[in-house]
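Coordinate analysis (summary)
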Amino acid sequence: MKDIEKVIIARNKMYETIRAFFAGRGYLDVETPILVASPDMSPNLTPFETTLVGADGSRRLAGLITSPEFSMKKLLGLGLERIFTITKVFRNGDFYPEGPSQHNPEFVMLEWYQQGMDYQGGMNETEELVRTCGVGEKTFARVHLPTQFKEVTGLELCDATEEDLKAACKRLNLGTDPTDTWSDYFHRIVVTQIEPHLPPEGAFLYDFPLQQAALARTTPDGKYAERFELYVRGVELCNAFGELTDATEQRRRFEGEAAERVRIGKTVYPIDEELLRLLPSLRQPTFGNALGLDRLLMLAMGKENLEEVLVFPAKELFVNPKS
């Protein structure tokens, strides 16, 4: 059997396994739009943009989704309790056309939500799903990010200032730049000092700083965001939240992200007002997770880089077509 056929068969089986997993737990398989007016507000993401042209010649900016999150939450606000989707998503600017990579600008995302489940329960469900898909042999570790951060830097993450993080980077012999922000220093420490030491068989890194809350609600003590990421064999598989349902707070965060996008010269998209209108209809708690299926397939097949499980990898876009 050709390698390409093995990849296609393995992907089909994984999708069947995932759909059966969620169907057995009462989830609905839903479809969400790919082209939207507000593809993402996060400063660290760059959507693919296009111009939508109306029949009357009118024009407006639109973009391909980086995640189906906004649309999924609207469905929750309309009364759905348990939903999932398998969809293509698109992220520009982090792809390296030369050499092996764990990034592709077009990739497949599994995203699911359950009203009434907290993020701790979400860790359990995520582990069940990932192991059902053939990844992970031992119970995944639960690693408290603030505790690990203090062990590495001596800093209380919830109180650390930009100057504190800059000094910590210098103590750890990590490079710094005059343009660095609080988030840049934080990510540099996590990526170099914490992620490489996580148990390779699987670990949830949980409770992120409020500066990295995105659409997550805060922990009961108000110090951190109810957010976790799962790492297996050094690969980040997912990003999950105990979901924020406070529309006022979410608007404040969107406005802050918009201001940061202006500062760094990125397109600012309109705030999704329908999302904010429906957000308070969500129950507390509500859990949501976004998991990269290309990466999960890569791990399940024992491959070393993403291209080995992609039939049409994006680096082909950088090859001049034959005349």
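Look above for the structure.
Residues numbered from 1 in each chain as written. Predicted model: local features only at pLDDT ≥ 70, side-chain atom pairs only at ≥ 80, totals over all residues. Heavy atoms only, no water.

Secondary structure summary: the protein chain contains nine helices and 11 strands in total. A compact globule built from 323 residues would reach a C-alpha radius of gyration of about 20 Å, and the protein chain, at 20 Å, matches this within 12%. Over its C-alpha atoms, taken along the principal directions, the protein chain stretches across nearly 55 × 50 × 50 Å. Looking at the protein chain alone, contacts between residues at least 24 apart form 68% of all its contacts between residues at least 6 apart. Distance from the positive charge centre (37 side chains) to the negative charge centre (49 side chains) of the protein chain: 2 Å. (Helix = DSSP H or I, 4+ residues; strand = E, 2+ residues; numbered from the N terminus. Rg over C-alpha atoms; globule rule 2.2 N^0.38 Å. Contact = heavy atoms within 4.5 Å. Lys, Arg positive; Asp, Glu negative; His and termini not counted. Charge placed at Lys NZ, Arg CZ, Asp CG, Glu CD.)

The next subject is helix H9 (residues 293-300). Within H9, seven of the eight residues are buried, which leaves it mostly tucked inside the rest of the structure. Taken together, the buried positions of H9 are occupied by Leu 293, Asp 294, Arg 295, Leu 296, Leu 297, Met 298 and Leu 299. Of the residues flanking the end of H9, it is Gly 302, one or two places downstream, whose phi is positive at about 70°. (Buried < 20%, exposed > 50% of the residue type's maximum accessible area, 1.4 Å probe, protein only.)

Moving on to the pairing of strand E6 (residues 106-115). Here E6 lies mainly inside the structure; nine of its 10 residues are buried. Where strand E5 (residues 82-90) lies against E6, nine bridges are found, and the strand directions are antiparallel. Among the inter-strand pairings, Ile 83 is bridged to a residue of E6, identified as Tyr 113. When E6 meets strand E11 (residues 286-292), the two strands line up antiparallel, connected through seven bridges. Bridge pairing in E11 links Glu 111 to Ala 290. (Pairing = 2+ DSSP bridges.)

If you check helix H6 (residues 182-194), its first and last C-alpha atoms are 17 Å apart, about what 13 residues at 1.5 Å a residue would give, namely 18 Å. Buried within H6 are the following residues: Trp 182, Tyr 185, Phe 186, Ile 189, Val 190 and Ile 194. For H6, the angular spread of the buried residues around the axis is 130°, confining them to a single face. The inward-facing, buried residues of H6 abut helix H4 (145-153), helix H5 (162-171) and strand E8 (203-209). (Expected span 1.5 Å × (residues − 1). Arc of directions from axis to C-beta.)

Attention now goes to the sheet that holds strand E3 (residues 49-53). Strand order in this open sheet of three strands is E2-E4-E3, and the pairing throughout is antiparallel. Unpaired on one side and paired on the other, strand E2 (35-36) and E3 mark the two borders of the sheet. With five bridges joining them, E3 and strand E4 (residues 59-64) adopt antiparallel strand pairing. From the neighbouring strand, Val 53 faces E4, where its bridge partner is Arg 59.

Membership of the largest hydrophobic core comes to 39 residues, with the highest contact counts inside it found for Ile 18, Phe 22, Leu 110, Trp 112, Phe 228, Leu 293 and Leu 296. Of the residues forming this core, the biggest block, six residues, is contributed by helix H1 (residues 3-23). With residues up to four places along the chain from it excluded, the contact list for Trp 112 reads Phe 22, Tyr 27, Met 72, Ile 83, Phe 84, Glu 125, Thr 126, Leu 129, Phe 287, Gly 288, Asn 289 and Leu 291. (Core = buried A, V, L, I, M, F, W, Y, C linked by side-chain atoms within 4.5 Å.)

Counted according to the given criterion, the structure contains 19 salt bridges. Note that Glu 127 is salt-bridged to Arg 142, the shortest N-O span being 2.8 Å. Taken together, the residues span a long stretch of sequence, with Glu 127 in helix H3 (residues 119-132) and Arg 142 in strand E7 (residues 141-144) at a distance of 15 residues. Residue Glu 127 is classed as buried on the basis of its relative accessible area of 8%. (Salt bridge = Lys/Arg side-chain N within 4 Å of Asp/Glu carboxyl O.)

How two aromatic rings sit relative to each other is given by the distance of their centres and the angle of their planes. Under the counting rule described, the total for this entry stands at 11 aromatic pairs. Look at Phe 22 and Phe 84: their rings are 4.9 Å apart centre to centre, the planes differ by 20°, and that puts the pair in the stacked class. Separated by 62 residues along the polypeptide, Phe 22 in helix H1 and Phe 84 in strand E5 bring together distant segments of the chain. Across the pair, Phe 84 and Phe 22 agree in class, each one buried. (Phe/Tyr/Trp six-rings, centres within 6.5 Å; stacked < 30°, edge-to-face > 60°.)

Moving on, we come to the sheet that holds E6. Across the sheet, eight strands lie side by side as E1-E5-E6-E11-E10-E9-E8-E7; this open sheet has mixed pairing. The sheet terminates laterally at strand E1 (28-29) and E7, the two strands that pair on one side only. Docked against the sheet, H3 engages E6, E7, E8, strand E9 (224-232), strand E10 (235-242) and E11, running at close to 15° with respect to E9. Strands in contact with H4 are E7, E8 and E9; relative to E8, the strand with the most contacts, it is inclined by about 80°. (Axes fitted to C-alpha atoms, helices over the stretch in contact; angles between N-to-C directions.)

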